Amino acid sequence: MFNMTKNVVANLFAKSSTRLYPFAVRGHFEGFRGTLHINIDECIFCRTCQIKCPSQCIAVDNKAGTWTCEAMSCVYCGVCVDVCPTSCLSMSKEHRQVATEKQTMAYQGVPKKKKKEAAE
Amino acid sequence: MARTILPFGPQHPVLPEPLHLKLTIEDEIVVEALPTLGYVHRGLEKLCEVRDFNQMVQIVERVCGICSCLHALCYCEGIEQIMGVEVPRRAKYLRTIWGELHRVHSHLLWLGLFADAFGFESLFMQFWRVRERIMDIMEATCGNRVVVSVNVVGGVRRDLSPEQCQWIEQQLIISEKEIRQLQTTILNDYTVKKRCCGKGVLTKEQAYQLGAVGPMLRGSGWAQDARQTGYAAFGELGFEPIVEYDGDSYARCAVRFRETLQSFDIVRLAIARMPAGETAANVEGANEDDTPRIISGNRGGIMQSYNRDKHHSITAAPPPDLDIPAGSLAAKVKGKPDGEAVTRVEQPRGELMYYLKGVGSKNMDRVRIRTPTFANIPPLLAILPGCELADVPVIVLSIDPCISCTER
């Protein structure tokens, strides 16, 4: 009992353990898997991210040159970032914003031409 | 005195998990307890038929939030055994470090919930404040607080820098000091002892016969822990399980408290002895004519290993000319698992067992998960009769139930 009383008294004079949210917001550590981003200009539409994604939230159309991600199905495991051959996928350390409706990240890029077509 | 049947759960103020107990009571004394499960079944084992064996790593992590790292570790060790992959030593140490940090945060979570179950709310807050430091370590080193997602088939996805190791050690020193301040309260306080000592006694014989695992087993005097089998780096670190002999709620609490401090020592030791080197091995897979093989689960497991290295070639480190994206630590996996494996790891709640069967396709044929709470429910039903109704929450929590794990 005395030990806990000592602890309580110490806590009375110690710095607060909690923050005054939302005035004081705790930042995230470096390397935190917060939000998925794509640099669509570097994407070669190889569909590796779509194949490897455990939650199957990514859809890539290599003919139309579109890359879409169901943001609310994504589990932020970072597998797509690891397997991307051109490193065009990345994760920022900020959380995705709260939304009231389902969101889809949709990007339109330029599909890469096949070697034969490029030569012509 | 007439008997009354009282429904306890699945939604109850003291129960953190959806377990329903039908308690037959006679004048405030429990005579019989019947459990009902099935409120959070998600069918994760079935997903192995549609997701490939690499994607299953992220799925088994979601069997349980509290011990996600250990689920993935158990699964990856099984796949590695089937495919005959030797994980780099550094990866084994990293797996040990993250696994033990998971044990610390799970035990701190439980100690807080346990304190809350007998009405000691300030103690609950104290434990959870310490736990927050461990969660910060997780976030800084793994990229997420709860589902850390660091294990992959062949190794781990992240590495620890010397600065991070130093920072972890500093955080552990502070956390250990804070936990030791709470030791007198949780283990010697009059009110705590009054609520725990002699409540829900599981004798040594009962614990063995009913198949108790984890702190439930060790609280009844059995020195048995899956870490003794030497998975990850435990074979090199030397490990002695913590044992208490009374078999009551207090003994189980003491086992968990002492294990928390022991895990700090293991993390420090693993950081000190961690060798330099690669963190993931490249996995090259089976031939098409590969015969099914049975491979033992951990050292000293129940099955014998044979025909293991015949069809697999292992590359310990990625050669520099391989096309691996800059900054990526992930293993390159080629080939498919063909064979069976049984793996065991020690979760915070007890022994976790995976049975894996691959038939040479990208999907596993069977992933069977036996979680510790499943094993601890029969002992719980044995210790409830005879106790007072007011002690039921404390006794139920003393097994550290994780129903999400149990139902998968």
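Residues numbered from 1 in each chain as written. Chains lettered and ligands numbered in written order. Predicted model: local features only at pLDDT ≥ 70, side-chain atom pairs only at ≥ 80, totals over all residues. Heavy atoms only, no water.

Enquirer: Explanation requested: the UniProt feature "binding site: Ni(2+)" (unreviewed entry) in chain B in the structure shown.
Expert: Residue and element names in this part refer to chain B. Sites flagged by UniProt as "binding site: Ni(2+)" (unreviewed entry) map to Cys-64, Cys-67 and Cys-402. The greatest C-alpha distance among the annotated residues, which extend across 339 residues, is 10.1 Å, indicating that they converge on a single site. Mapping Cys-64 onto the fold places it in the loop between α1 (55-61) and α2 (68-83). Cys-64 gets classed as buried once you look at its relative accessible area, which sits at 2%. When residues no more than four places from it in sequence are discounted, the contact partners of Cys-64 are His-71, Arg-349, Cys-402 and Cys-405. Structurally, Cys-67 is set in the loop between α1 and α2. (UniProt positions renumbered as here; feature names shortened; annotations may be inferred. Helix = DSSP H or I, 4+ residues; strand = E, 2+ residues; numbered from the N terminus. Buried < 20%, exposed > 50% of the residue type's maximum accessible area, 1.4 Å probe, protein only. Contact = heavy atoms within 4.5 Å.)

Enquirer: What's the story with the sheet that holds strand β3 (residues 66-70) of chain A in this structure? I'm lost.
Expert: All names here are of chain A. Within the open sheet, the three strands sit side by side as β2-β3-β5. Their pairing is antiparallel. Each having just a single partner strand, β2 (58-61) and β5 (104-108) make up the two edges of the open sheet. Going across the sheet, the axis of each strand differs from the next one's by a mean of 10 degrees, ignoring polarity. In terms of strand pairing, β3 meets β5 through five bridges, oriented antiparallel. Bridging across to β5, Trp-67 finds its partner in Tyr-107. (Pairing = 2+ DSSP bridges. Axes fitted to C-alpha atoms, helices over the stretch in contact; angles between N-to-C directions.)

Enquirer: Mind showing me how you'd approach the packing of aromatic side chains here?
Expert: Under the definition given, this model contains nine aromatic pairs over all chains. Plain terms: the ring middles of Phe-29 of chain A and Trp-167 of chain B are 5.8 Å apart, the flat faces sit at 55 degrees to each other, and that makes the pair tilted. In this pair, Phe-29 of chain A sits in the loop between α1 (2-13) and β1 (35-38) while Trp-167 of chain B sits in helix α5 (residues 162-188), so the two residues belong to two different chains. Relative accessible area serves as the criterion here: at 25%, Phe-29 of chain A is assigned to the partly exposed category. Overall, Trp-167 of chain B belongs to the partly exposed group, its relative accessible area being 24%. Aromatic pair Tyr-75 of chain B and Tyr-354 of chain B: ring centres 6.4 Å apart, planes at 70 degrees, arrangement edge-to-face. (Phe/Tyr/Trp six-rings, centres within 6.5 Å; stacked < 30°, edge-to-face > 60°.)

Enquirer: How should I be thinking about the interface of chain B and chain A in this particular structure?
Expert: You'll often see interface size given as the accessible area lost when the parts meet. Listed by partner, the interface residues are 30 residues for chain B and 27 residues for chain A. Of the roughly 2300 Å² buried where chain B meets chain A, counting both sides, 39% is carbon and sulfur surface. In terms of surface lost to chain A, no three residues of chain B exceed Gln-55, Glu-139 and Arg-157 of chain B, which account for 22% of the buried area on that side. The interface formed by chain B and chain A holds three salt bridges in total. The partner of Asp-136 of chain B in a salt bridge is Arg-26 of chain A, with the nearest N and O atoms 2.8 Å apart. There are 18 residue pairs in polar contact (both at pLDDT 80 or more) connecting chain B and chain A. Only α1, α4 (121-142) and α5 of chain B provide two or more residues apiece to the side of chain B that touches chain A. Residue composition of the side of chain B that touches chain A, grouped by class: 11 nonpolar, 11 polar and eight charged. (Buried area = accessible area lost by both parts, 1.4 Å probe. Salt bridge = Lys/Arg side-chain N within 4 Å of Asp/Glu carboxyl O. Polar contact = N/O pair within 3.5 Å; in protein donor to acceptor, adjacent residues only side chain to side chain. Nonpolar A, V, L, I, M, F, W, Y, C, P; charged D, E, K, R; others polar.)

Enquirer: Would you mind showing me how to read the sheet that holds strand β3 (residues 29-36) of chain B here?
Expert: Adjacent strands of a sheet pair through backbone hydrogen bonds, lying either parallel or antiparallel. Residues and elements named next belong to chain B. Here we have three strands laid out as an open sheet, ordered β1-β2-β3, and antiparallel in their pairing. On the outer flanks of this sheet lie β1 (4-8) and β3, each paired with one strand and no other. For this sheet, the mean inter-axis angle between neighbouring strands, taken without regard to orientation, is 25 degrees. Bridge analysis of β1 against strand β2 (residues 20-26) gives five bridges, and the strand direction is antiparallel. Counted as the bridge partner of Leu-6 is Leu-23 from β2.

Enquirer: I'm lost on the nonpolar core in this one. Help?
Expert: Here is a general trend for soluble globular proteins: nonpolar side chains tend to be buried in one another's company. Residue and element names in this part refer to chain B. Residues Tyr-75, Trp-98, Leu-101, Tyr-354, Met-364 and Val-367 are the most contacted members of the largest nonpolar core, which totals 92 residues. Ranked by the residues each element gives to this core, the list is headed by helix α3 (residues 89-117), at 14 residues. Judged by nonpolar contacts, the second largest core, of 22 residues, contains Ala-212, Leu-380, Ile-383 and Leu-384. (Core = buried A, V, L, I, M, F, W, Y, C linked by side-chain atoms within 4.5 Å.)

Enquirer: I keep staring at the pattern of salt bridges and nothing clicks. Help me out?
Expert: Between side chains of opposite charge, a pair can form when the charged atoms approach closely. Residues and elements named next belong to chain B. The full count for this structure, using the stated rule, is 32 salt bridges over all chains. Here Glu-61 ties to Arg-62 by a salt bridge, and the two come within 3.8 Å at their closest N and O atoms. Judged by its relative accessible area of 0%, Glu-61 is buried. You can call Arg-62 partly exposed: its relative accessible area is 27%. Of the charged contacts, one joins Glu-236 and Arg-89 as a salt bridge, the two residues approaching to 2.9 Å between their closest N and O atoms.

Enquirer: Help me understand the pairing of β2 of chain A, please; the structure alone is not making it clear to me.
Expert: Each regular strand displays side chains that alternate between the two surfaces of the sheet. All names here are of chain A. Here β2 shows a buried face lined by Ile-58 and Val-60 and an unburied face lined by Ala-59 and Asp-61. Of the strand pairs in this sheet, β2 and β3 are connected by four bridges, and their pairing is antiparallel. The residue of β3 that forms the bridge with Ala-59 is Thr-68. Turn length for the β2-β3 hairpin, with the two strands adjacent in sequence and antiparallel, is four residues, and the turn residue Gly-65 shows positive phi of about 75 degrees.

Enquirer: Help me out: how do you make sense of helix α10 (residues 249-273) of chain B in this one?
Expert: Residue pairs three or four apart in sequence face the same way in an α-helix, which turns once every 3.6 residues. The terminal C-alpha atoms of α10 of chain B lie 36 Å apart, and with 25 residues this matches the ideal 36 Å at 1.5 Å per residue to within 8%. Taken across its 25 residues, α10 of chain B has 19 buried, putting it largely inside the fold. (Expected span 1.5 Å × (residues − 1).)

Enquirer: Is there a simple way to explain the packing of α3 of chain B against α4 of chain B in this structure?
Expert: Axes are the key here: two packed helices are described by the angle between their axes and the distance separating the axes. Residue and element names in this part refer to chain B. At their nearest, the axes of α3 and α4 sit 8 Å apart, and the two run at 160 degrees to each other. Judged by the angle between their axes, α3 and α4 are roughly antiparallel. For the element pair α3 and α4, the recorded crossing hand is left-handed. Within the contact of α3 with α4, the residues separate by chemical class into 18 nonpolar, four polar and three charged. (Parallel < 35°, antiparallel > 145°, perpendicular 65-115°, else oblique. Left-handed = near helix turned anticlockwise from the far one by under 90°.)

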